[in-house]
Amino acid sequence: MEREDADGALDLWAQFCSLSNELLAGDGDLTVGPRLAPVVANLCTRGLATLVRDYSLHSLEETFRNNAVKKFWQHFHPYCNASTVERIKFCVKENWPEEILSKALEDICLEKGYREKCVLVLVHAFQSYEDRAPQKQFKAVDCISSLMARYQLMVSSVLLTTLPLSFPEILNIYFKKKLEELNTIMAGSYESDELVDHEPFQRSNTSDWHSGMDIDGSEVSESSSLVKNIGKVVRDLRCIGFTSMTEDAYSSAIIWLLKSKVYELAGDDYRVPVLGRVKKWIQAVPLQFLHALLTYLGDSVDYDSGSSGLKSPLASRPSSFPGIGVPSEALVRWHMRLEYFAYETLQDLRIGKLFEIIVDYPESSPAIEDLKLCLEYTGQHAKLVDSFISSLRYRLLTAGASTNDILHQYVSTIKALRTIDPTGVFLEAVGEPIRDYLRGRKDTIKCIVTMLTDGSGGSASGTGNAGDNLLEELNRDAENQENADYDDHANIDEKQAWLNSESWEPDPVEAGPLKGSRNRRKVDILGLMVSIIGSKDQLVNEYRVMLAEKLLNKSDFEIDSDIRTLELLKIHFGESSMQKCEIMLNDLIDSKRTNSNIKTSLLKTSQTVPGQEEAEVSHDVLDATIISSNFWPPIQTEDLVVPASVDQLLSDYAKRFHQIKTPRKLLWKKNLGTVKLELQFEGRSMQFTVAPVHAAIIMQFQEKSSWTSKTLAKEIGIPMDSLNGRISFWTSKGVLTESTGPDADDRTFTVVDSMPDVNKNSIVNERLAEYQMTEEEGESSVASVEDQLKKEMTVYEKFIIGMLTNFGSMSLDRIHNTLKMFCIAEPSYDKSLQQLQSFLSGLTADEKLETRDGLYLLKR
């Protein structure tokens, strides 16, 4: 009996295999269903349902692999087997890969559809057995319901296991080309509508838009036809189980297109805001495309639908999009994703060009505003700090950059980052390397003072308002901040104060713990500049020296701008600090009045005293700057013998001053001041404004036309080396000629008889400032701060030598503290650590001291 059952089962199995081959092989025969059903039922009755199902799926897999999969991948073999250069040629073809991809997907989807019908035949066969099977046997045939799902899984598995490595690349190329084409179609509408503040594709109402963009609608526009073709490809790819790969491909293409658009709109023009245009483009192009695509694929689920699943709190109750209405949950998520990527891309682009943006500030303020919004959205401030510090060290903090350029860039950095972060948290991190670098430069203090007072508004190009300097600009900023703070505190009520306290946030991790809370911190540009120097006293001293140099070179006594600058400095540093500077300005005011009185008095005397000879040089040509030497910085003095006529003029002036200002007397600094000369040649004259020493040299040639350097130096009372340096000015202008003298170390100088007549009777103006900048850079009327410091510190040199003799070696801090402790008698030690370090560096350069491991010791 068992033998007969086994034979019957084998016969049934043979019939099943034969009928299955008829159903599945080649084009197949779907009419075998009625004959197949009883055979399947008998096999299931014998407990072979699982075997029947597995055999059917295996046969389907083999047939699908041989008939469909190989043909499908053969469409893409030319590209997959091509070299890099040949692949580029494929990409530039007009309809590649659209044609082969559409054709291949159409063929395999047809094949898959037919095989699905074969699976349905098997399912009906199983169902005919279920209809008559006892209840207790349902467990044996529960696998029937999963037959179709197993088939779908098999299809995608076979395709994925045979997937060429280049197929995802082909998909990416397809979506890129299609989206770029779609963007080109939409660009005309977007750009024209943007001018009148309309969104692209936006019609009079939402239903009108759907009639033009709805893929399944009867009216098919060019853009909707393109989206329909894309939708068909996406649907077919989903059909064969490539859902995840497809979404990755068109997501990547959309992100690529967005990135390209951001770069196109941003570019290198920092004077136009970009972020708003990018956001408008996102709603106009990618979101419109995604809305149409999701609608076509049936994935556009209304937000209020319960099937949309768990909603993001950020996307709750979204507002309607232009041309779309209330978006679906998927579209809201896409919108958030695209906006975040746009913010991040623009942020990275602006951070990478932040150095150039700050160079162009404030013209580049729109780019700074965009960057501020991006950072508020992404919170990636640390990326800005790290990138900008790297750019500063590579491009600015180098030996090739002038101190003036570094300072102007630092001020622009402060202004720009103050816009991004008004609390100054990130400015502290960015500014620290600049401040550290500037402290190591000798001319930092001088450049800071010049920038504060030179009237260029802190602009490196000198494009500030006329008469406007950085100090005035800082003063206006301070007033605006104070007014804003006052308004904030005056208009705040108790409710708002409570809301502000609830919204309090701690400082970011980049904030220094010793800088105070962000709520109390203010960005003080002048304070940051002073912090570079170390103390305001050093800045005031440098300003005093520069002011003295400027005032001593003035010939018109116009000091209105200097008075205005002084008043601004008083606001920031206090009146007591600027008292000496105020006296210096008062000296010029008094000098102008005194000059007028003395000239009037001398003129009356010459008119009232009979028989008095007229002076060789008129008193009207002399203007004296009378200074109170106790309040001025040390003046550079040099012996100089002036011509007798000039000396007589100075003597007359001094006598009249003594008569008017008894008992005060004048002590002339004959080497200081300016002299305006007119040199007359045959048929031509030239005008110069020179220093007294240059005037004394050329006036000697009135007596005789040729001088040796030794004789001339003795005549005007200056060393011969000094004479050779000064007289080169006249030889360079062609006024004097130089020849070999009687001795090897002596030269002969001769005045020219006539000058080359470029333009007859023309007057050529030459400025001494040009000469000083080239030949005598370093000459000054006033002793520099460094020279003054060296002279003042010389008093403490013996103390330092004695300490090092007793203790062997000492650190800078220990020397500083010891001097403060023991040098309390006049003159008491009141220097800063930086000033002491500068003085010790000078002793080291003079080989009196040496340094070893940060310690100072006597030179052996």
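Residues numbered from 1 in each chain as written. Predicted model: local features only at pLDDT ≥ 70, side-chain atom pairs only at ≥ 80, totals over all residues. Heavy atoms only, no water.

1. With respect to the sheet that holds strand E3 (residues 706-708)
Taken in spatial order, the three strands of this open sheet run E3-E5-E4, and their pairing is antiparallel. Taken across any chain shown, the strands that pair with only one partner, and hence form the sheet edges, are E3 and strand E4 (736-740). The sheet shows a mean angle of 25° between the axes of neighbouring strands, taken without regard to direction. Here five bridges tie E4 to strand E5 (residues 747-751), and the two strands are oriented antiparallel to one another. Following the sheet pairing, Ser-739 is matched in E5 by Thr-748. (Pairing = 2+ DSSP bridges. Helix = DSSP H or I, 4+ residues; strand = E, 2+ residues; numbered from the N terminus. Axes fitted to C-alpha atoms, helices over the stretch in contact; angles between N-to-C directions.)

2. Some points on the sheet that holds strand E7 (residues 809-811)
The antiparallel open sheet is built from three strands, whose spatial order is E7-E9-E8. In this open sheet, the two edge strands, each paired with only one partner strand, are E7 and strand E8 (849-852). Neighbouring strand axes in the sheet, compared pairwise and without regard to direction, differ in orientation by 35° on average. Examined bridge by bridge, E7 and strand E9 (residues 855-858) share three bridges and lie antiparallel to one another. Looking across to E9, one finds that Ser-811 is bridged to Leu-855. Contacting E8 and E9, helix H35 (residues 833-845) crosses the sheet at an angle of about 110° to E8. (Contact = heavy atoms within 4.5 Å.)

3. Let's talk about the side chain of Arg-544
Considering the arrangement of structural elements, one finds Arg-544 in helix H24 (residues 536-552). If near-sequence neighbours (up to four positions away) are discounted, Arg-544 is found in contact with Lys-580, Cys-581, Met-584, Phe-631, Trp-632 and Pro-633.

4. Some thoughts on the nonpolar core
One finds Phe-72, Phe-76, Leu-159, Phe-167, Ile-240, Phe-289 and Leu-338 to be the most contacted residues of the largest nonpolar core, which totals 97 residues. The element best represented in this core is helix H6 (residues 98-132), accounting for 13 residues. When neighbours within four sequence positions are excluded, Phe-289 is seen to be in contact with Leu-179, Leu-182, Val-227, Ile-230 and Ile-254. Formed by 69 residues, the second largest nonpolar core is a distinct cluster that contains Leu-392, Leu-417, Cys-447 and Leu-526. (Core = buried A, V, L, I, M, F, W, Y, C linked by side-chain atoms within 4.5 Å. Buried < 20%, exposed > 50% of the residue type's maximum accessible area, 1.4 Å probe, protein only.)

5. Remarks on the side chain of Thr-708
Locating Thr-708 in the fold gives a position in strand E3. Within the structure, Thr-708 has its side chain in polar contact with the side chain of Thr-711 (distance 2.7 Å). The contacts of Thr-708, once residues within four sequence positions are left out, are Pro-742, Asp-746, Arg-747 and Thr-748. (Polar contact = N/O pair within 3.5 Å; in protein donor to acceptor, adjacent residues only side chain to side chain.)

6. With respect to the pattern of salt bridges
Enumeration according to the criterion identifies 22 salt bridges in this entry. Arg-115 is the partner of Glu-111 in a salt bridge, and the nearest nitrogen-oxygen pair spans 2.7 Å. Note that Glu-111 and Arg-115 are positioned in helix H6 at a spacing of four residues, about one turn of the helix. Judged by relative accessible area, which is 0%, Arg-115 ranks as buried. (Salt bridge = Lys/Arg side-chain N within 4 Å of Asp/Glu carboxyl O.)

7. Observations concerning the packing of aromatic side chains
Where two aromatic rings form a pair, the distance of their centres and the angle of their planes describe that pair. For the structure on display, the rule yields 20 aromatic pairs. On the numbers, 6.0 Å between centres and 45° between planes, the contact of Tyr-340 with Tyr-377 is tilted. Here Tyr-340 is found in helix H14 (residues 329-352), whereas its partner Tyr-377 is found in helix H16 (residues 365-378), with 37 residues between them in sequence. Ring plane angle 75° and centroid distance 4.9 Å describe the contact between Phe-729 and Trp-730, whose orientation is recorded as edge-to-face. Of the two residues, Phe-729 and Trp-730, neither departs from the other in class, the shared state being buried. (Phe/Tyr/Trp six-rings, centres within 6.5 Å; stacked < 30°, edge-to-face > 60°.)

8. Looking at the packing of helix H18 (residues 403-420) against helix H19 (residues 425-439)
Two elements in contact, H18 and H19, have axes separated by 11 Å at closest approach and are oriented at 170°. The angle between H18 and H19 places the two elements in the roughly antiparallel class. Like other packed secondary-structure pairs, H18 and H19 cross with a definite hand, here left-handed. On H19, the residues that touch Thr-403, Ile-406, Leu-407, Tyr-410, Thr-413, Ile-414 and Leu-417 of H18 are Leu-427, Val-430, Gly-431, Ile-434, Arg-435, Tyr-437 and Leu-438. In terms of residue class, the contact of H18 with H19 is made up of ten nonpolar, three polar and one charged. (Parallel < 35°, antiparallel > 145°, perpendicular 65-115°, else oblique. Left-handed = near helix turned anticlockwise from the far one by under 90°. Nonpolar A, V, L, I, M, F, W, Y, C, P; charged D, E, K, R; others polar.)

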